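# Fold and contact review
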Amino acid sequence: MSAIVEREPERRAGWARAGRRMPRWQLLLRYLLLLAVLALTIGPFLWQLSTSLKGPGEDIYRSPPSLLPHQVTLDNYAGVAETIPVWDFALNSLKVAVTNVLTNCAGAALAGYALARLRFPGRRSALVVFVMAMLVPVESILIAQFVTMRELQLNNTLLGVVLPGCIGALNVLLMRNAFAALPYEVEEAAYVDGANAWQRFVRIALPSVKGTLAVVAIFAFMGAWDDFLWPLIVLSDQSKFTLTIGLNFLHGTFADNQRLVAAGTVIAVLPLLVLFAGLQRFFFRGVGEGAVKG
Amino acid sequence: MAAFSLYPFLSTVAHSFTDARTLTAGRFVGGANYQELIHDAMFWTGLRNSLLYVLGVVPLLVMLPLLLAMLVQRHLPGMTFFRAAFYTPVVASVVVVGLIWVWLLDDRGLINALLEGLGFGRVGFLSDPWLLLLSAMAVTVWKGLGYYMIIYLAALANVPRELHEACAVDGAGAVRRFLTVTVPAVRSTMVLVAALSSVGAFKVFSEVYLMAGPTGGPGGEDTTLVMLVQQVGTGLSGRVGYASALSVVVFVLTLGLMLLVLRAHRTEDA
């Protein structure tokens, strides 16, 4: 670890040198390519935003298209709220996402700590069960979950949406790895001082893995906010819809009114983009840890 | 946790041998569901589309994000911004992404307007079953680029610069250096990406559902396997037994696909 840290400035200097060495035309080509990819990835979002701001007097089907709205209006956003209870849907999504964050953080931290630190009979097989659970694709147990939810009479409730994802196996393993990487000595010292397992967990171990916990929280939020297939199966009553299901409904029923659909998608995607802009580094860390260690 | 993953899986296997429906418990019917599956034309359509999806999406998702990662790897001004921007489609919900592209690819949407402006005719991206499947694949690739780019970035950071420099001194061009230094160094990551993206592509649901509609386009031509599971097994008249048999097939094929990718990796090593 320390070797990497020491080499870091050296590497940066190397990159800077490489940057200077790069011929001007190559640098230009690089940035042109970057801008082209940028247009491809961000362009569709901007077009959607532009469509959602265009007034009824403006032809959105024009050819050649006009990229910027000429009569900027927020009427379409009000229109969405009149057509479907979009704020109720957003509230439902928020409830589901926040619950998912809380259950995943608490559950994964507790289970992860138990797997990493506590000695109990069957610890090894418990770990194997978690790894195996990760291999079962969600899509192949949908039907069984649907039947279980019906038996519990939780179909068409938000609880039914949350329950199957409330503790992700991947999150448990992430937390386990984070706890296992902590040095034993600190906890041993606390043990000698008379701290019990719970105190060691809350006071010492948990504060040391805040970064991983943040990753779990963010991906739990994003997963729940973006999920489509499972809520589509569980929810049938419009008053219980989450945003994604509501958008699908809006699209199915008012497909002709593109301005409305566009406004709806902007409402759904904006909170996540704000979250992403603020917490970028955790998003990237999550991908790295999830892919390499999980 | 185990209760929500392993138990449902075992109960799926058990259900697949019964004729259970949503509102009625089933009787044991042996392998009848599996027999019906073999003679079900929709099953073969779904299997074909899901496999085509893997073939179409995986090579692009293994190569393009690697090139993208190399493009944003250097520490030049603005790179943090570009990385974040390229990751944005990953953050957006698949429903949002699907609807954005439905509008872009609409008969009177932006892409057709641009095509017309350039003097080409309009293309029915969302009305022709084959074009629709291709369009859905393009959307999946577009949404996945940023995710795999980040995975590749982590792998690229471990490629020693000295190797590139030595190669450059020996007079190797950029393409040659890419093939002899970069690709071997990130090969295990490429296998990981191939495994992840092929499993994801095989289970595709949302993109096709949103672009083709709940029934999978005209005559169900674009139905995928998971769409079939959802169509057959849910709702008040869902055929739980038959859908469970479908689910078991999805599970077995997913596992097989993963083993195939890993095996291809090992034979390459030998």
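Note that the coordinates shown come from a computational prediction; the quantities given were computed from them, not determined experimentally.

## What to know about the overall build of chain A
Helices and strands together make up the secondary structure of chain A, namely 15 helices and zero strands. A total of 294 residues make up chain A; the buried ones form 39% of that total. Within chain A, residue pairs in contact and separated by at least 24 positions form 75% of the contacts whose partners lie at least 6 positions apart.

## A closer look at the overall build of chain B
When you go through chain B residue by residue, the secondary structure sums to 13 helices and zero strands. Mapped from its N terminus to its C terminus, chain B presents α and β elements in the order α-α-α-α-α-α-α-α-α-α-α-α-α. Oriented by its inertia axes, the alpha-carbon framework of chain B measures out at about 75 × 50 × 30 Å. Burial analysis of chain B (270 residues in total) assigns 47% to the buried set. Taking as baseline every contact in chain B between residues at least 6 positions apart, the subset at least 24 positions apart corresponds to 70%.

## Looking at the environment of glycine 220 of chain B
Residue and element names in this part refer to chain B. As for its position among the elements, glycine 220 is in the loop between α11 (206-212) and α12 (225-233). A tally of 19 C-beta atoms within 10 Å means that glycine 220 is categorised as partly exposed. Along the chain, glycine 220 and proline 129 lie 91 residues apart, while their C-alpha atoms are 9.0 Å from each other. Look past the residues within four positions of glycine 220 in its chain and what remains in contact with it is Met42, Thr45 and Thr215.

## Topic: the nonpolar core
Side chains that are nonpolar tend, in soluble globular proteins, to be buried together. Counting residues in each nonpolar core, the largest one holds 150 residues, and the members touching the most others are Val229 and Leu246 of chain B. No other element matches the 15 residues that helix α7 (residues 129-156) of chain B contributes to this core. Composition of this core by domain shows at least three residues from each of domain 1 (7-73) and domain 2 (80-292) of chain A. Excluding residues that lie within four positions of it along the chain, valine 229 of chain B makes contacts with Glu139, Leu142 and Ile143 of chain A together with Ala243, Leu246, Ser247 and Val250 of chain B.

## Some words on the interface of chain B and chain A
Interface size is commonly expressed as the accessible area that is lost once the parts come together. Counting residues at the interface gives 62 residues for chain B, matched by 68 residues for chain A. Along the lines of polarity and charge, the residues of the side of chain B that touches chain A split into 41 nonpolar, 16 polar and five charged.

## Some thoughts on the domain arrangement of chain A
Residue and element names in this part refer to chain A. Each assigned domain of chain A is listed here: domain 1 (7-73) and domain 2 (80-292). Spacing between the C-alpha centres of domain 1 and domain 2 amounts to 32 Å. Taken together, the six residues of domain 1 in the interface contact six residues of domain 2.

## Structural notes on helix α8 (residues 169-180) of chain A
Between the first and last C-alpha of α8 of chain A there are 16 Å, a value that for 12 residues agrees with the 16 Å anticipated at 1.5 Å per step. By the burial criterion, the buried members of α8 of chain A are Ala169, Asn171, Val172, Leu173, Leu174, Met175, Arg176, Ala178 and Phe179 of chain A.

## Notes on the packing of helix α13 (residues 243-253) of chain A against helix α14 (residues 258-278) of chain A
Residues and elements named next belong to chain A. Close contact between α13 and α14 brings their axes to 10 Å; oriented N to C, the two are set at 175 degrees. On the basis of the axis angle, α13 is roughly antiparallel to α14. For the pair α13 and α14, contact is made by Leu243, Thr244, Leu247, Leu250 and His251 and by Leu260, Val261, Gly264, Thr265 and Ala268, respectively.

## Describing the packing of helix α4 (residues 86-116) of chain A against α8 of chain A
Residue and element names in this part refer to chain A. Where α4 meets α8, the closest approach of the two axes is 7 Å, and the angle between their N-to-C directions is 50 degrees. With respect to α8, the element α4 is oriented oblique. Where α4 crosses over α8, the two elements pack in a sense that is right-handed. Together, Asn104, Ala108, Ala109, Ala111, Gly112, Tyr113, Leu115 and Ala116 of α4 and Asn171, Val172, Met175, Arg176, Phe179 and Ala180 of α8 make up the contact between the two elements. When the residues that make up the contact of α4 with α8 are grouped by side-chain class, the tally is 10 nonpolar, three polar and one charged.

## Here's the deal with unusual backbone geometry
Residues and elements named next belong to chain A. Not every positive phi belongs to a glycine, and glutamine 153 is a case in point at roughly 60 degrees. Positionally, glutamine 153 belongs in the loop between α6 (142-151) and α7 (158-162). A positive phi angle, close to 65 degrees, is found at asparagine 156, a residue other than glycine. For asparagine 156, a count of 15 C-beta atoms within 10 Å translates into the label partly exposed.

## A word on the confidence of the model for chain A
All names here are of chain A. For chain A, per-residue confidence averages 82 on the pLDDT scale, and 89% of positions sit at 70 or higher. Mean pLDDT across the elements of chain A ranges from a minimum in helix α1 (residues 2-21), with 51, to a maximum in α4, with 92. Segment residues 1-6 is flagged for pLDDT under 50; beyond a separation of four residues in sequence, or across chains, it makes zero contacts in the model.

## Some remarks on the environment of serine 198 of chain B
Residues and elements named next belong to chain B. Structurally, the position occupied by serine 198 is in helix α10 (residues 187-202). Between the C-alpha atoms of serine 198 and valine 261, which are 63 residues apart in sequence, the distance is 8.6 Å. Here serine 198 is in contact with Val54, Val58, Leu257 and Val261, once residues within four sequence places are set aside.

## Thoughts on the confidence of the model for chain B
Averaged over chain B, the pLDDT score is 86; the fraction of residues at 70 or greater is 97%. Interface confidence in the predicted complex, given as ipTM, is 0.87; pTM for the same model is 0.86.

## Things to note about the environment of proline 271 of chain A
Take proline 271 of chain A: it is sitting in helix α14. With 239 residues separating them along the chain, proline 271 of chain A and leucine 32 of chain A place their C-alpha atoms 30 Å apart.

Conventions we followed
Residues numbered from 1 in each chain as written. Chains lettered and ligands numbered in written order. Predicted model: local features only at pLDDT ≥ 70, side-chain atom pairs only at ≥ 80, totals over all residues. Helix = DSSP H or I, 4+ residues; strand = E, 2+ residues; numbered from the N terminus. Buried ≥ 20, exposed ≤ 12 C-beta atoms within 10 Å, placed from the backbone. Contact = placed C-beta atoms within 7 Å. Core = buried A, V, L, I, M, F, W, Y, C linked by C-beta atoms within 7 Å. Domains from an automatic or database assignment. Nonpolar A, V, L, I, M, F, W, Y, C, P; charged D, E, K, R; others polar. Expected span 1.5 Å × (residues − 1). Axes fitted to C-alpha atoms, helices over the stretch in contact; angles between N-to-C directions. Parallel < 35°, antiparallel > 145°, perpendicular 65-115°, else oblique. Left-handed = near helix turned anticlockwise from the far one by under 90°. pLDDT = per-residue confidence, 0-100.

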